[in-house]
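Topology and contacts: notes
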Amino acid sequence: MQLISSTSPSATMTEDFLPLNGTDHLEFRVGNAKQAAFFYRAAFGMELIAYRGPETGCRDRASWVVRQGKICFVFTSALGGDHEIADHVLRHGDGVRDVAFLVDDAEAAWLAATARGAHSVQAPQTFRDEEGEVRTASIAVYGDVTHSFIERQRYTGAFLPGFRACPLPDPLARNAGLRYIDHIVGNVGWGDMNHWVDFYRDVMGFHLYQHFDDKQITTEYSSLMSKVMANGNGRVKVLVNEPARGRRKSQIEEYLDYYAGPGVQHLAMATDDIIQTVNTLRDHGVEFIGTPAAYYEGLRSRVGPIEESFDELARLGILADRDDEGYLLQIFTRPVTDRPTLFFEIIQRKGSRGFGKGNIKALFEAIEREQAARGNL
Ligand code: FE2
């Protein structure tokens, strides 16, 4: 790993032409939005906050919105087969359609991006109800993924105009301490990583934050390359992975096969207390990638003194990594879908701004054991 830039480049570069205030929400297209929302409520402890469907006058789709901390997910299903959302699910299975960013001015964001070559998915549009108005616009990124710009200063409702608020607190949700989206990772095809890195730089004003080459992310069998891009104020970090050649099939290639193209591979959610969070999630039935016992032998000497108990980390399967600035703790779920595609990371940063370079080999070997069990290695 190479730390390219530790601070916002705005002091040394031209002004940020696409200021993002953070991640507003992620929209998933799924086969059964009602049950998907139930899973994230019961397993991840998210609260149901809003709904839109036939009962609210939306005839062709149903959407359920859940939230924990600043993390907001929307699950949407088509109500009939002859529908763009049904086609998306047929092709990809359940997956992330839209990564939406919070902005002060959706039209300015869309104009800035499209002027630099982004393909428009939705021109700026204003939606209103009795709670106020929201202006949105969208552009296309890799695969069928989009980025929306959401401008909501003049809105007081639960989510977006047209959605009905759900009563809170949600009796099903037991909070797991998840706070915000730390980073968003996309898988793209062979040789396409730099194209999308250039896109985030030239079209969206991001800068290269760190990169990993195939010598660093490699096991006996397979390999990948990855670059981390951050936006001007550093609130949004996206990683772009591509497969690299190895003796066997790269895990990125397995994803691309099952997702039928590029898409969002994992979402990292930050917590201030990973021990508590993972205890709670395990209690709720969330499945994590197994960490071999051997990983914990010598971890103390690799990572040095930390505030957490090494025994607790080993019991829960949590990984640790240290760099010049501090350390981080992380753990990865198994895919949350039957297709081996989307999974989640839980991360707690204690000074480190890295992504767990020291864990990559151990982690990938664990992922490859599961890939082999599926007959895909
Ligand atoms: Fe990650």
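Residues numbered from 1 in each chain as written. Predicted model: local features only at pLDDT ≥ 70, side-chain atom pairs only at ≥ 80, totals over all residues. Heavy atoms only, no water.

Here the focus is the overall build of the chain. Along the chain, the regular secondary structure elements total ten helices and 18 strands. Taken along its principal axes, the extent of the C-alpha atoms in the chain is 60 × 50 × 40 Å. Taken over 377 residues, the chain has a buried fraction of 55%. If you take every contact in the chain between residues at least 6 apart in sequence, the share linking residues at least 24 apart comes to 69%. (Helix = DSSP H or I, 4+ residues; strand = E, 2+ residues; numbered from the N terminus. Buried < 20%, exposed > 50% of the residue type's maximum accessible area, 1.4 Å probe, protein only. Contact = heavy atoms within 4.5 Å.)

Here we take up the side chain of His-88. Within the element layout of this structure, His-88 appears in helix H2 (residues 84-92). Setting aside anything within four residues of it in sequence, one finds His-88 in contact with Arg-29, Gly-93, Arg-97, Asp-144 and Tyr-259.

With the rule as written, the count across this model stands at 22 aromatic pairs. Pairing Phe-28 with Phe-75 gives two aromatic rings, centres 4.8 Å apart and planes at 35°, and the pair type is tilted. Of this pair, Phe-28 sits in strand E2 (residues 23-29) while Phe-75 sits in strand E5 (residues 71-78), placing them 47 residues apart in sequence. Look at Phe-75 and you get buried, because its relative accessible area is 1%. Counting every residue linked through ring pairs, the aromatic cluster contains Phe-28, Phe-39, Tyr-40, Phe-44, Phe-73, Phe-75 and Phe-344. One cation-aromatic arrangement involves Arg-245 over Trp-190; the distance from NZ or CZ to the ring centre is 4.3 Å. (Phe/Tyr/Trp six-rings, centres within 6.5 Å; stacked < 30°, edge-to-face > 60°. Lys NZ or Arg CZ within 6 Å of the ring centre and 35° of its normal.)

A word on the coordination of the iron ion. Taken together, His-183 (NE2), His-266 (NE2) and Glu-345 (OE) make up the protein donors of the iron ion, found 2.0 to 2.2 Å from the metal. The sequence pattern formed by the donor residues of the iron ion is H-x82-H-x78-E. Residue His-266 is found in strand E15 (residues 263-271), and its partner Glu-345 is found in strand E18 (residues 343-350); the two are separated by 79 residues along the sequence. Of the two residues, His-266 and Glu-345, neither departs from the other in class, the shared state being buried. (Donors = N, O, S within 2.8 Å, 3.2 Å for Na, K, Ca; no water.)

With that settled, the discussion passes to the pairing of strand E13 (residues 223-230). Counting buried positions along E13 gives seven out of eight residues, so the element sits mostly inside the fold. As paired elements, strand E12 (residues 207-212) and E13 share five bridges and run antiparallel to each other. The residue of E13 that forms the bridge with Leu-208 is Met-229. Here E13 runs beside strand E14 (residues 237-244); their pairing, made up of eight bridges, is antiparallel. Its bridge partner being in E14, Met-225 is matched across the sheet by Glu-242. (Pairing = 2+ DSSP bridges.)

Our focus in this paragraph is the sheet that holds strand E3 (residues 47-52). What the nine strands build is an open sheet, ordered E7-E8-E9-E6-E2-E5-E4-E3-E10; its pairing is mixed. A strand with exactly one partner marks an edge of an open sheet, and here the two such strands are strand E7 (120-129) and strand E10 (164-165). Relative to strand E4 (residues 61-68), E3 is paired through five bridges, and the arrangement is antiparallel. The partner of Tyr-51 across the bridge, within E4, is Trp-64.

Residues Phe-28, Phe-73 and Phe-149 are the most contacted members of the largest nonpolar core, which totals 100 residues. Core analysis: the next-biggest nonpolar cluster, separate from the first, contains twelve residues, Ala-50, Ala-100, Ile-150 and Leu-160 among them. (Core = buried A, V, L, I, M, F, W, Y, C linked by side-chain atoms within 4.5 Å.)

When the terminal C-alpha atoms of helix H1 (residues 33-44) are compared, their 16 Å separation across twelve residues agrees well with the 16 Å that a helix rising 1.5 Å per residue should span. Every buried residue of H1 is listed here: Ala-33, Ala-36, Ala-37, Tyr-40, Arg-41, Ala-43 and Phe-44. Backbone geometry just downstream of H1 places Gly-45 in the positive-phi region, at approximately 75°. (Expected span 1.5 Å × (residues − 1).)

Attention now moves to unusual backbone geometry. At the junction of Leu-168 and Pro-169, the peptide bond is cis and its omega measures out at 0° in the coordinates. Within the secondary structure, Pro-169 sits in the loop between E10 and strand E11 (178-187). Despite not being glycine, Ala-260 shows a phi value in the positive range, around 60°. Structurally, the position occupied by Ala-260 is in the loop between helix H5 (251-259) and E15. Overall, Ala-260 belongs to the partly exposed group, its relative accessible area being 27%.

So, on to the pattern of salt bridges. By the definition in use, this model includes 19 salt bridges. Asp-60 is the salt-bridge partner of Arg-61, the closest N and O atoms lying 3.4 Å from each other. Members of the salt-bridge network, linked through shared partners, are Arg-128, Glu-133, Glu-151 and Arg-154. (Salt bridge = Lys/Arg side-chain N within 4 Å of Asp/Glu carboxyl O.)

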